[in-house]
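Residues per chain, in single letters:
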Amino acid sequence: MERVYDSKAENKIIRRLFLKSEISWGVSDFSKAIGPMIDLVFVSQFIGIDGVTVLGFMAPLIMFFELIGSAVANGARNKVSSMIGAGKLDIANRVFSDALIMSGGLSALMALLAFVFSTGLAFVLGAREPGVAQMTQQYIRGYLIGFPFYTLTRVITPFLQIEGQYQRVNTTSILTTVIDIAADSVAVFVLHGGMFEIGLATSAGYIIPFFVSASYYMGKKSPSVFKLSFKGFNPKLCIEMLRLGAPMGITKGSNSIAGLIINNMLTSFNMPYLVAAHGVFSQITVFVRAAWYAPADTLMAFAGVFVGEEDRDSIKLVQRLSLLHSLIMTTLITLLLSVFCDSIVSVFLNTDKPEALELASQCIRISCLSLPFHTIVYNFNNYLMGIKRLRFANIYSFLIECGNLVPITLLMLGFIGYQGAWISKIINMIGLSLIAVIYIRMNKGGKSFSDKMLLMPDDFGTTEENEIAVIASSTQEIEELSKLAIAFAMEHGADKKRAMSYGLITEELSVFLAEHGFKDGKEHHINARLVAKDDDLIIRVRDDCKPLNLKDYYRALLETPEIEDDEITLAIIFKSAKDVKYTATFGANNLIVRV
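It should be emphasised that the depicted structure is a prediction, and the values quoted were computed from it without experimental measurement.

(A) Main features of the packing of aromatic side chains. Under the defined criterion, the tally for this structure stands at 27 aromatic pairs. Considering the side-chain rings of Phe159 and Phe226, the 5.2 Å spacing of their centres and the 80 degrees angle between planes classify their relative orientation as edge-to-face. Within this pair, whereas Phe159 is found in helix α6 (residues 147-162), its partner Phe226 is found in the loop between α8 (195-214) and α9 (235-244), the two being separated by 67 residues in sequence. Summarising the burial analysis for this pair, Phe159 and Phe226 share the class buried. Following the ring pairs from residue to residue traces out a cluster consisting of Phe65, Tyr139, Tyr143, Phe147, Tyr150 and Tyr206. The cationic tip of Arg128 hangs over the ring face of Phe123; the distance from NZ or CZ to the ring centre is 4.3 Å.

(B) Molecular detail of the nonpolar core. Among the nonpolar cores identified, the biggest contains 131 residues, and Tyr139, Phe226 and Tyr383 are the most heavily contacted of them. Beyond its immediate stretch of four places on either side in the chain, Tyr383 contacts Leu299, Ala303, Ile315, Gln319, Met453, Leu454, Leu455 and Met456. Residues Phe488, Ala489, Ala499 and Ile505 belong to the second largest nonpolar core, which totals 24 residues.

(C) Molecular detail of a nonpolar patch on the surface. Together, Phe46, Val186, Phe189, Val190 and Leu191 line one region of the surface with nonpolar side chains, adding up to about 500 Å² of accessible area. Element by element, the count of residues in the nonpolar patch is highest for helix α7 (residues 166-190), at three residues. Looking at the secondary structure, you find Phe46 in helix α1 (residues 8-46).

(D) Fine view of the environment of Met429. Secondary-structure assignment places Met429 in helix α19 (residues 420-441). For Met429, a relative accessible area of 5% puts it in the buried group. C-alpha separation for the pair Met429 and Ile400, spaced 29 residues apart in sequence, amounts to 7.7 Å. Leave out the neighbours within four places in its chain, and Met429 touches Ser370, Phe373, His374, Val377, Tyr378 and Ile400.

What counts as what
- Residues numbered from 1 in each chain as written.
- Predicted model: local features only at pLDDT ≥ 70, side-chain atom pairs only at ≥ 80, totals over all residues.
- Heavy atoms only, no water.
- Phe/Tyr/Trp six-rings, centres within 6.5 Å; stacked < 30°, edge-to-face > 60°.
- Helix = DSSP H or I, 4+ residues; strand = E, 2+ residues; numbered from the N terminus.
- Buried < 20%, exposed > 50% of the residue type's maximum accessible area, 1.4 Å probe, protein only.
- Lys NZ or Arg CZ within 6 Å of the ring centre and 35° of its normal.
- Core = buried A, V, L, I, M, F, W, Y, C linked by side-chain atoms within 4.5 Å.
- Contact = heavy atoms within 4.5 Å.
- Patch = residues over 30% accessible without salt bridge, like charges linked within 9 Å, V, L, I, M, F, W, Y side chains within 5 Å.
- Areas by Shrake-Rupley, 256 points an atom, 1.4 Å probe, with all protein chains shown as cover.
- Salt bridge = Lys/Arg side-chain N within 4 Å of Asp/Glu carboxyl O.

Have a look at this one:
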């Protein structure tokens with residue numbers, strides 16, 4: 001057993017888990033983005049530049065359609081994670097059911113209204129020329145068939161992750177892309193179809209993967225702890241989920257509004273290829289956004305865990321990792337787009353119009369300079385969401401996508417013409433980065449900038465002498481934890497009885513995770529962190545084993561076996577503790593108990 005007085009050993013687990021989580025988020029983001037990119041290639045090569053213009057008009061509408069799924073999914077994940085550790089299975093099930101009912105009902109209603117009013121919707125999006133307007137209407141109708149299934153898949157995904165079904169999540173993401181490519185090929189080469197068939201192909205990529213995700217919850221023999229129930233629908237719970245997921249919903253909604261306004265601004269220049277050029281960069285941005293989304297999403301997930309543990313050093317570590325990884329990737333992408341700009345444009349714009357190619361190249365070459373600043377902006381915004389600073393997160397999310405961008409674009413278009421649309425992206429991101437830095441500097445907690453970045457009060461966390469971190473890699477080493485915990489508790493004022501209980505609880509938690517995770521024969525580590533905070537003794541146990549089966553967790557939580565007077569079980573621990581939390585974060589089981 002390795003006892004550590006600094007965070008180096010614990011950081012080994014955190015770095016490994018962060019990278020694993022980051023890759024998982026990246027695969028998910030990339031799989032979602034590659035479908036629209038393939039659509040762009042097929043449309044450019046086989047339908048023409050008018051089809052590319054349609055996709056440019058559709059970008060803000062699709063972002064608006066994603067609003068419901070994103071908001072509900074994030075709100076449900078935040079809500080249900082707080083229910084899991086405490087064993088509130090009834091409420092967790094209600095969150096699961098109401099999230100699906102609400103998102104399914106709202107997305108179906110939106111799809112119906114958009115289908116009926118697709119002609120007027122195409123006009124609002126900026127499609128004025130009759131041929132392009134008709135193609136836009138056709139794509140809307142084809143896309144809407146699968147839209148409710150896409151929303152439901154987004155909402156199911158965090159529940160699958162909570163239950164450790166990461167392979168199913170990744171399979172669903174990859175399957176979406178594969179089906180979309182296959183359906184696009186059929187639409188073009190077999191059906192010789194137009195934009196309706198392309199939209200329908202996208203729908204096929206949403207419908208089939210939904211049933212792959214949902215199949216985990218179907219049938220009486222389902223291993224899931226979550227069961228869909230229409231009885232007991234709770235509107236107040238739905239409102240709370242929407243509140244918790246509001247920052248993500250505001251991001252999507254603001255992006256949609258800004259895209260709609262900017263497309264109409266560009267249309268007013270009466271330059272036929274301007275929207276198509278802007279649409280190419282928008283699609284490329286979606287394609288590469290995993291470079292900043294994956295680190296920032298991972299930061300948001302880990303920050304929520306570490307704030308609950310009051311672990312300053314671990315928060316600082318994941319902040320550094322997220323910023324570094326994102327900066328490296330966005331800088332590399334910026335260089336690639338700058339160097340290979342003309343070659344990229346020739347792939348996505350199959351046209352003999354040199355002015356169209358020049359506009360698209362110009363847009364990419366200038367706009368890509370904004371990408372490195374996404375590192376600061378999205379890491380800051382996601383960290384705000386992770387630590388539940390929702391009020392400012394809502395404001396900042398609006399500023400990112402609309403509040404800053406639209407006024408800046410309007411001013412730049414007035415001063416320097418259509419190129420102002422490209423330059424405004426750079427100015428917007430620089431301005432938002434400055435806002436983030438100023439907000440951090442104004443934080444009263446901490447003296448150094450790295451301390452201020454935590455956005456926490458000075459009394460957050462603990463001092464070095466009030467915590468011990470231990471790494472164990474075998475059940476034999478875990479047994480030594482009990483003696484260490486007893487000594488630690490007595491050093492911090494606990495009487496013998498309380499210290500003995502603290503030691504037994506520490507050992508029992510570690511053995512519980514070890515028996516669960518060490519069975520596969522692979523090398524694993526369990527990290528126990530013992531903390532004295534105010535009048536509390538805190539135990540945090542984390543492993544890098546496979547995710548805990550929640551049915552086993554609840555069985556341990558609720559069991560009431562006959563026991564001897566001096567025996568302790570998990571059921572007793574959970575019922576007598578001041579607070580118990582369990583979270584699963586991409587391969588890490590985290591149990592926190594306050595005694």
